[in-house]
Amino acid sequence: MYYLVTERPNTLSFDPKLFTLVKNLSIEEKMSLIRKPFQPEKHELPGGNFPQEHGHRFNSNQYYKSLPNGGRLWRDWLSYSLSSKRFYCLHCMFFGKNAQKSWIYDGFHAWQRLMDISVHEKTEVHINASIVVKMKCSSMAVLPQMYASKRNQVAENREIVHILIDIILFLGQHSLPFRGHREGWSEQIKGNFKDLVKLLCKFSPTLAVYIDRLQIHGRNQINFISWQRQNQLINSVSKCIKKSVKKELDRNNFFSVSIDTTFDSSRREQLAFIIRYVCIIEHSPVIRERLFGLKETSNTTGRQLFSVFQDICIENDLDWKLLLVGQSYDGASNMRGEYEGLQALIREINPAAIYTWCYAHRLSLVVVQMSSCSANAVDTFGNLEQLYALISTSKKRVAIYENMQKEKNPKARVHRLKRVETTRWMSYSSALNTVLLTYDIVINTLEQIKITENADFKARSKATGLIDFFLSERFVLTAICYKNLFNILDPVTKMFQSQDIDLLGAVNSLQAVSSSIKRLRSDDAFNDLCNEATKFMNKSEFTFTSLPIQRSRKKKLLSGETTKDHTFIDPKSHYKIKTYLIAIDSAITCIEERFHSKSQELLKDISLFSVSVLKKTKSDPNTLPNDAFNKFCNLYSKFINHTELKKEYIEFSKLFSYFESTMIGSQCLHPSSATSDDKESSSDLEDSDEEEEKEDTVGLKKNNSQNLGTLLHVFKVCHTSGLQSIFPTLYMALQIACTLPVSSTTPERTFSKLKIVKNRLRTTISQDRLEQLMIISCESDIDIDHNQVVDEFASTTSVLSKHLT
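We now turn to the structure provided with this report.

Cut-offs and rules
Residues numbered from 1 in each chain as written. Predicted model: local features only at pLDDT ≥ 70, side-chain atom pairs only at ≥ 80, totals over all residues. Heavy atoms only, no water. Axes fitted to C-alpha atoms, helices over the stretch in contact; angles between N-to-C directions. Helix = DSSP H or I, 4+ residues; strand = E, 2+ residues; numbered from the N terminus. Parallel < 35°, antiparallel > 145°, perpendicular 65-115°, else oblique. Left-handed = near helix turned anticlockwise from the far one by under 90°. Contact = heavy atoms within 4.5 Å. Nonpolar A, V, L, I, M, F, W, Y, C, P; charged D, E, K, R; others polar. 1 Å grid on protein atoms, 1.4 Å probe; cavity = no way out; pocket = protein on both sides within 12 Å on 5 of 7 lines; lining within 4 Å. Points joined across faces, edges and corners; volume = space filled by probe spheres on them. Pairing = 2+ DSSP bridges. Buried < 20%, exposed > 50% of the residue type's maximum accessible area, 1.4 Å probe, protein only. Polar contact = N/O pair within 3.5 Å; in protein donor to acceptor, adjacent residues only side chain to side chain. Expected span 1.5 Å × (residues − 1). Arc of directions from axis to C-beta.

Quick look at the packing of helix α20 (residues 473-496) against helix α23 (residues 571-594) now. When two helices pack together, their arrangement is given by the angle between the helix axes and by the axis-to-axis distance. Closest axis-to-axis distance for the α20/α23 pair is 11 Å, and the angle between their directions is 30°. If you check the angle between α20 and α23, you find them roughly parallel. Pair α20 / α23 crosses with right-handed handedness. Facing E473, R474, L477, T478, C481, Y482 and L485 of α20, the residues of α23 in contact are K572, Y575, T579, Y580 and A583. In terms of residue class, the contact of α20 with α23 is made up of 7 nonpolar, 2 polar and 3 charged.

Across the interface, helix α14 (residues 359-370) lies against α23 with an axial gap of 9 Å and an inter-helix angle of 155°. The angle between α14 and α23 falls in the class roughly antiparallel. When you trace α14 past α23, the crossing you get is right-handed. Taken together, the residues of α23 that come into contact with α14 (itself represented by R362, L365, V366, Q369 and M370) are A583, S586, A587, C590, I591 and R594. Taken together, the residues of the contact of α14 with α23 sort by class into 7 nonpolar, 2 polar and 2 charged.

Its place among the elements puts D76 in the loop between β4 (72-74) and β5 (78-81). In sequence terms D76 and I34 are 42 residues apart; their C-alpha atoms lie 7.9 Å from each other. Beyond its immediate sequence surroundings of up to four residues, D76 is in contact with I34, P37, Q39, H91 and K134.

What follows covers empty space enclosed by the protein. Tallying each qualifying case throughout the model produces 2 cavities of 30 Å³ or more. One number sums up the size of the second largest cavity: a volume of about 40 Å³. As for the second largest cavity, its lining consists of V367, W425, M426, S427, Y428, S429, F486, D490 and T493. At the level of elements, α17 (427-437) and α20 are the ones that each hand at least two residues to the lining of the second largest cavity. Across the lining of the second largest cavity, the residue classes break down as 5 nonpolar, 3 polar and 1 charged.

Let's shift gears to the sheet that holds strand β9 (residues 284-296). Strands sit in the order β9-β8-β7-β10-β11 across an open sheet of 5 strands; the sheet is mixed. Two strands lie at the open edges of the sheet, namely β9 and β11 (354-357), each paired on one side alone. Neighbouring strand axes in the sheet, compared pairwise and without regard to direction, differ in orientation by 25° on average. As defined by bridge partners, strand β7 (residues 255-263) adjoins strand β8 (residues 269-281) across 8 bridges and the pair is classed as antiparallel. By the bridge assignment for β8, T262 is matched with Q270.

A separate point is α17. With 9 of 11 residues buried, α17 lies mostly within the body of the structure. When α17 is considered as a whole, its buried residues turn out to be S427, Y428, S429, S430, A431, L432, T434, V435 and L436.

Residue position: S371 is located in the loop between α14 and α15 (375-392). In terms of polar contacts, S371 uses its side chain to reach the backbone carbonyl oxygen of V367, at 2.8 Å. Leave out the neighbours within four places in its chain, and S371 touches A377, V378, F381, Y428, Y482 and F486.

Now for helix α10 (residues 302-315). In a regular helix each residue adds 1.5 Å, so 14 residues correspond to 20 Å; α10 covers 20 Å between its end C-alpha atoms and thus fits that length. Turning to α10, its buried residues are G302, L305, F306, V308, F309, I312 and C313. Seen along its axis, α10 keeps its buried residues to an arc of 160°; they face one direction. Just downstream of α10, D317 is the residue with a positive phi angle, here 55°.

Moving on, we come to the pairing of β11. Both faces of β11 are covered, namely the face carrying I354 and T356 and the face carrying Y355 and W357. Relative to β11, strand β10 (residues 324-329) is paired through 4 bridges, and the arrangement is parallel. Among the inter-strand pairings, S328 is bridged to a residue of β11, identified as T356.

As structure tokens, this is what we get:
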């Protein structure tokens, strides 16, 4: 029997001519072929005989070598080819060096010189090849055991590295240091990484045996936990995280960027590169903002930032010239400059990359300007800062303040005074609310300072001045006035810091804020403010000084003047005009000025995707403006066709209400498990000591409800209903609109992590390691495949590849 195989053999072929066509055969395959030479008898061949040439044929007796004593020795190296009708030497074919071409490639067919067979087997090349074959045959019995042992060792090593990856993820996601000052095995404290390895040895026999071998054999044992291996593992984990993000990004194409810079603890300028995109999670669209790079830059000019931006895009294979649809930065001139700013340089090459000045930064500027528009406002927030400086800079005074809170409300959480002049978004509101919540305790604390620190004339004079100011009606009126304003602005500020906010939701929120503030500009609202202030003062145990009566100053009339200046005798009327109305007018004016954008036409087109406009278009398609989507389609003409978008929009408006109700009904029938998780997280936060965490969480919950009806909601209806195949242009337009950034708060959150990862004790950390740890810490919600990390880790060096693959 014989087999002809035309590709790499799985069941081995018996035709030696075909062996020359197959390369890179393993030792096992070569030895299997050598053990089965094809030596047919003449009756087994087609035609019943060997081929004839020049009147001569091959004789099957040549399969054996005649010995002088009359015996015969089988030529196990000789093999016949049915395809070429020639003989080949298997030993020389697989293990011969500089062997005769006729016995390897051409084949022997000189039947008139059959003695050449004996001549060939006496050559040095053939003898050496046959010796190699015999040596391989004697060792083949050991090879399976060796391979099995290697596979077991590789599996054991991979299991060890799996555990080390979990340690890397734990330390990285919690922003903890890895190494210690001394890391010897005899040290009590060996650093977080080695200590966790020792701890897990109690629960992993494989890891325990490996650590014992490592301590005994030292350099003779492959070391997976040295500081070099730690860096390689950290690098492998961060690469896998970035690959996961890149995979999501490639499926959704469009993205936008947010960039910001800050000084780290070693006084180096760090640039955070954030990408924003829409991805599909569990068949539902979700907006993601991911840290994609952290680079050091000594120069922060627009040109230098543009160079760093290009380098990051090239490094991560981001096609920003085509797929970048938006960019968001703060208001610094190197970012938003019209000619040399980063946004201008990017738009020179990609005009579709619309720039958005961060809404959160702009709203923060509104709060700052609103809080310094009148003398009473400046005095109020200035004295709040002085109060913090007086009490919080002394451990004794802080103890007095906290003990008084515990005495008055033993079960309530102890509050801490907040600073006004900080970079926190809600610093003004937090400082004011804390004082109002603990008002009587603040006054009692200041009184106690006057008594206990009588010799400190500076502290006593400051405490006296603060008591006089806080026990005045003008402070109470001003504090409650700004408290009401902050109650309107705070939810929007928190909303602007969320990832899933879009431009339509931001614009709608600002319109609602502006309307709410305008409603405060009435006599009824001011009377309500006065009544609330009166209740607050009556509730307190202290006596307050009334509003000061303004004395009228006589002014000499100049020639030609006939009208005298109007004077306000009533102190409340004077306060209303000079403080209350100025604060409201300042807030309204600042919002209109700060949020006026050159891209109003684009916002107008995006507003057409709102639920109200969709329903209005459904009732009467003629209400759709003639210039609808003109600006949007001009910017993104590479992806969006204007005619098709308008046509699909009108058809979609007719179906939107039906599919929206279907989606909401499906969510009610199949509620997600996130509801219970939110309840658990909220109950946990009730016990938290940090007021900021609780406030932020409450703000995010408000965002989830307020984001209904925005672009993301409309996009979810379109996607979950499977309408992307029916309205592809509209689907793409909604995806682009959701990708457009609103704020650059994610870089700010990244910098908060940076202060933890690179603190004053870790200032010598290298830039590459810092970037990798920041990616692991900031993107901790990404699940990675441990086997993928091991493969990435094994590819770093040949030594690791040998032990892990």
